[in-house]
Amino acid sequence: MVSREVSIKNPTGLHLRPAGLFCRTAMQFVCKITIEKKNKNENIIANAKSVLSVLGSCIKCGDKINIICEGEDEEIALKEMVQIVEDGLGE
């Protein structure tokens, strides 16, 4: 298992278009990929391969998320997922 914390730079957060890109990228990998967002009262965990799960986590601009990859191609998956977030998820 590998993980890394990244900040969301998109002014509108992870709305449908960037969430779709995020999920399509995650689906290219065999490993399990989850995102964790810590709030004051709770931790939200979402399946990075599910658009509904990602949208349901209500990730906004400036939020920090932890991307967690577990499995066969976890190192490559983490690198790619972090890169697309840092590149602004297509926006």
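Everything quoted here is computed from the prediction, not taken from an experiment.

(A) Examining the overall build of the chain more closely. Looking only at helices and strands, the chain has three helices and four strands in total. Seen in sequence order, the chain has helices and strands lined up from the N terminus as β-α-β-β-α-β-α. Rg of the C-alpha trace for the chain: 12 Å, near the compact-globule value of 12 Å for 91 residues, within the 12% margin. Overall size of the chain, expressed as C-alpha extent along the three principal axes, is 30 × 30 × 20 Å. Here the chain holds 91 residues, and 46% of them are scored as buried. Here the contacts in the chain between residues at least 6 apart in sequence split such that 73% fall between residues at least 24 apart. If you sum the accessible surface of the chain, you get close to 5200 Å²; carbon and sulfur atoms cover 51% of it.

(B) Seen up close, the environment of K38. Here K38 is to be found in strand β2 (residues 32–38). It is 22 Å that separates the C-alpha atoms of K38 and D87, two residues lying 49 residues apart in sequence.

(C) Local environment of helix α1 (residues 16–26). All of the buried residues along α1 are P18, A19, G20, F22, C23, T25 and A26. Here the buried face of α1 lies against β2, α2 (51–56), β4 (64–70) and α3 (74–86).

About the cut-offs
Residues numbered from 1 in each chain as written. Predicted model: local features only at pLDDT ≥ 70, side-chain atom pairs only at ≥ 80, totals over all residues. Heavy atoms only, no water. Helix = DSSP H or I, 4+ residues; strand = E, 2+ residues; numbered from the N terminus. Rg over C-alpha atoms; globule rule 2.2 N^0.38 Å. Buried < 20%, exposed > 50% of the residue type's maximum accessible area, 1.4 Å probe, protein only. Contact = heavy atoms within 4.5 Å. Areas by Shrake-Rupley, 256 points an atom, 1.4 Å probe, with all protein chains shown as cover.

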